[in-house]
Amino acid sequence: MTFCANCGDVIDRSEWYSFAARRDEDGVLRTYAFCSEHCRSEFLDGPIAVDN
């Protein structure tokens, strides 16, 4: 399953979904999936937490 990086809702992978990619502090490219453009905008406007 794929989950929205902003709200945590399940994303239907049979439908189109928004995503973004950013490099973390170590230069690793990370991708983030979103259930809607609203969630994508909220996520990109806020700080990105790096999972450890």
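Here, residues in each chain are numbered from 1, in the same order as that chain's written sequence. Reporting in this predicted model follows two pLDDT cut-offs: at least 70 for local features of residues, and 80 or more for side-chain atom pairs to be given and counted; totals over whole chains, interfaces and linings ignore these cut-offs and use all residues. Excluded from the side-chain calculations are hydrogens and water; all other atoms, namely the structure's heavy atoms, are used.

### Some details on the nonpolar core
(1) Moving on: Among the nonpolar cores identified, the biggest contains eight residues, and these are Cys-4, Ile-11, Ala-20, Tyr-32, Ala-33, Phe-34, Cys-39 and Phe-43.
(2) Moving on: Helical segments are the DSSP runs of H or I of at least four residues, strand segments are the runs of E of at least two, and each set is numbered from the N terminus. Secondary-structure elements contributing two or more residues to this core are strand E4 (29-34) and helix H1 (37-45).
(3) Moving on: Per-element accounting of this core gives the leading share, three residues, to E4.
(4) Moving on: We call two residues in contact whenever any of their non-hydrogen atoms come within 4.5 Å of each other. Non-local contacts of Ile-11, meaning those with residues more than four positions away in its chain, are made with Thr-2, Phe-3, Cys-4, Tyr-17, Ala-33, Phe-34 and Cys-35. We define a nonpolar core as any set of buried Ala, Val, Leu, Ile, Met, Phe, Trp, Tyr and Cys residues linked to one another through side-chain atoms lying within 4.5 Å. Each residue is placed in one exposure class: buried if its accessible area under a 1.4 Å probe, protein chains only, is under 20% of its type's maximum, exposed if it is over 50%, and partly exposed if it falls in between.

### Looking at the packing of aromatic side chains
(1) Moving on: Stacked, tilted and edge-to-face are the three classes assigned to paired rings of Phe, Tyr and Trp, where Trp is represented by its six-membered ring and a pair needs centres within 6.5 Å; plane angles under 30 degrees give stacked, over 60 edge-to-face, the rest tilted. If you walk through the whole model with that rule in mind, you get two aromatic pairs.
(2) Moving on: Between Tyr-32 and Phe-43, the ring centres sit 4.9 Å apart and the planes meet at 45 degrees, which makes this aromatic pair tilted. Here the residue Tyr-32 occupies a position in strand E4, and Phe-43 occupies one in helix H1, the gap between them amounting to eleven residues.
(3) Moving on: Assessed through its relative accessible area of 15%, Tyr-32 is described here as buried.
(4) Moving on: Measuring from ring centre to ring centre gives 5.1 Å for Phe-34 and Phe-43, while their planes differ by 55 degrees; the resulting arrangement is tilted. Exposure class is identical for Phe-34 and Phe-43. Each is buried.
(5) Moving on: Cluster of aromatic residues (ring-pair linked, three or more members): Tyr-32, Phe-34 and Phe-43.

Any link to function would need more than the numbers given here.
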